Every structure is written in C-alpha cells, then in structure tokens.
Amino acid sequence: QVRLVESGGGLVQAGGSLRLSCAASGRTFSSYAMGWFRQAPGKEREFVAGIIWSGGSTYYADSVKGRFTISRDNAKNTVDLQMNSLKPEDTAVYYCAADLHIGRLRDGVPGYWGQGTQVTVAS
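In this text the structure is predicted, and so the values were computed from the model without any measurement. (Residues numbered from 1 in each chain as written. Predicted model: local features only at pLDDT ≥ 70, side-chain atom pairs only at ≥ 80, totals over all residues. Heavy atoms only, no water.)

Participant: What exactly am I supposed to notice about the overall build of the chain here?
Facilitator: Helix and strand counts for the chain come out as one helix and eleven strands. Moving toward the C terminus, one meets the helices and strands of the chain in the order β-β-β-β-β-β-β-β-β-α-β-β. At 13 Å, the chain has a C-alpha radius of gyration in line with the 14 Å of a compact globule built from 123 residues. Expressed along its principal axes, the backbone C-alpha trace of the chain runs to roughly 40 × 25 × 25 Å. Out of the 123 residues belonging to the chain, those deemed buried represent 44%. Residue pairs at least 24 apart in sequence account for 57% of intrachain contacts in the chain once pairs closer than 6 positions are excluded. As displayed, the chain has an accessible area near 6300 Å², and 47% of this comes from carbon and sulfur atoms. Charge-centre separation for the chain: the mean point of 13 positive side chains lies 4 Å from the mean point of 10 negative side chains. (Helix = DSSP H or I, 4+ residues; strand = E, 2+ residues; numbered from the N terminus. Rg over C-alpha atoms; globule rule 2.2 N^0.38 Å. Buried < 20%, exposed > 50% of the residue type's maximum accessible area, 1.4 Å probe, protein only. Contact = heavy atoms within 4.5 Å. Areas by Shrake-Rupley, 256 points an atom, 1.4 Å probe, with all protein chains shown as cover. Lys, Arg positive; Asp, Glu negative; His and termini not counted. Charge placed at Lys NZ, Arg CZ, Asp CG, Glu CD.)

Participant: What is the right way to look at the sheet that holds strand β1 (residues 4-7) in this model?
Facilitator: Working definition: the strands of a sheet are paired by backbone hydrogen bonds and lie parallel or antiparallel to each other. Read from one edge of the open sheet, four strands run β1-β3-β8-β7, paired in antiparallel fashion. Strands with a single pairing partner mark the edges of an open sheet, and in this sheet they are β1 and β7 (68-73). Each neighbouring strand pair of the sheet contributes to a mean axis angle of 15°, computed without reference to strand direction. In this sheet, strand β8 (residues 78-83) lies alongside β7 in antiparallel orientation, the contact comprising six bridges. Its bridge partner lying in β8, D73 is registered against T78. (Pairing = 2+ DSSP bridges. Axes fitted to C-alpha atoms, helices over the stretch in contact; angles between N-to-C directions.)

Participant: Is there a simple way to explain unusual backbone geometry in this structure?
Facilitator: Negative phi values dominate among residues other than glycine, just as trans dominates among peptide bonds. One non-glycine residue with positive phi stands out, namely N77, at about 60°. If you trace the backbone, N77 turns up in the loop between β7 and β8. Backbone geometry at S85 places phi at a positive 50°, although glycine is not the residue there. Locating S85 in the fold gives a position in the loop between β8 and β9 (92-99). Looking at S85, the relative accessible area reads 41%, which means it is partly exposed.

Participant: Can you walk me through the nonpolar core in this structure?
Facilitator: A general tendency of soluble globular proteins is for nonpolar side chains to be buried together. Counting 29 residues, the largest nonpolar core has M34, W36, L81, M83 and Y94 as its most contacted members. For this core, the elements supplying multiple residues, two or more each, are β3 (18-24), β4 (33-39), β5 (46-51), β7, β8, β9 and β11 (117-122). Sequence-distant contacts of M83, that is, excluding residues within four places in its chain, are made with G16, S17, L18, L20, R67, F68, Y94 and V119. Of all hydrophobic cores here, the second largest spans eight residues; its members include F37, F47, A97 and I102. (Core = buried A, V, L, I, M, F, W, Y, C linked by side-chain atoms within 4.5 Å.)

Participant: How do you make sense of the state of the cysteines when you look at a structure like this?
Facilitator: Covalent bonding between the sulfur atoms of two cysteines is what defines a disulfide. The final tally for this structure, using the stated rule, is one disulfide. Each disulfide pairs two cysteine sulfurs, and for C22 the partner residue is C96, the sulfurs being separated by 2.1 Å. Torsion about the S-S bond of the C22 and C96 cystine: about -85°, corresponding to left-handed handedness. With a gap of 74 residues between them, C22 in strand β3 and C96 in strand β9 connect regions that are remote in the sequence. Across this residue pair, the class does not change: C22 and C96 are buried. (Disulfide = S-S within 2.5 Å.)

Put into structure tokens, the structure is as follows:
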C-alpha cells in the first residue's frame, strides 16, 4: 500500500513558478514509478510527468517539456514537480500517482492516487 499526499499548489501569475511535492508512505517507495497528472475543469485527467524507481529516466507530456521537471528523493519518500514559465492553460488540479510499472503510469492507470492540489495560473 502507498499513501500519497500532495502539497505546494496555489495561485501564481503567468510566467511564474511553483514547486509541487508529494510525500509517500510505505517502506517500498523506492520500488515505485511515480508521476504527476492534472485535470482541468471540464477536461479529462492527463499525464504530465513520470519518473522510474531509480530516477534514471523521466517522461513528460509535450505540453510541459522544457518547463516542468520531475525529481524524486528515495531517502525522503518524496517526488517533486518543479513548474516554470507557467501558463494559464496549466491551471488544473494536480495529482500525484504511483505504480510499480512506469507503463501503467504513462497509460493513465496507476494503482495509487493522491487527493490532488489546485494550481491556478492567472493571466
């Protein structure tokens, strides 16, 4: 079992930055691929970024490449999403997710979800 708790959301002006953090419980955190998803009002939840258990490979949606960076600290059981050059279209609820397989994350069907944190980018 993995419990995920997000933090760091808020209101920011376009062009600004935010850093989201996800704290995970469980002694096997380092075994899990981790990821971030987002859901904007009226839209489906979409994959944003993913990172394998070791941190050695990362994956990004085209819409955030070059602006967002995912990282993890297996000693602290945390995964972060650094978001730079934010745009109004980045406004969404952001969810942390975990699965033993990065493929399931990238397919949008991870085994574990956090509760989400709101990010609002004002124009």
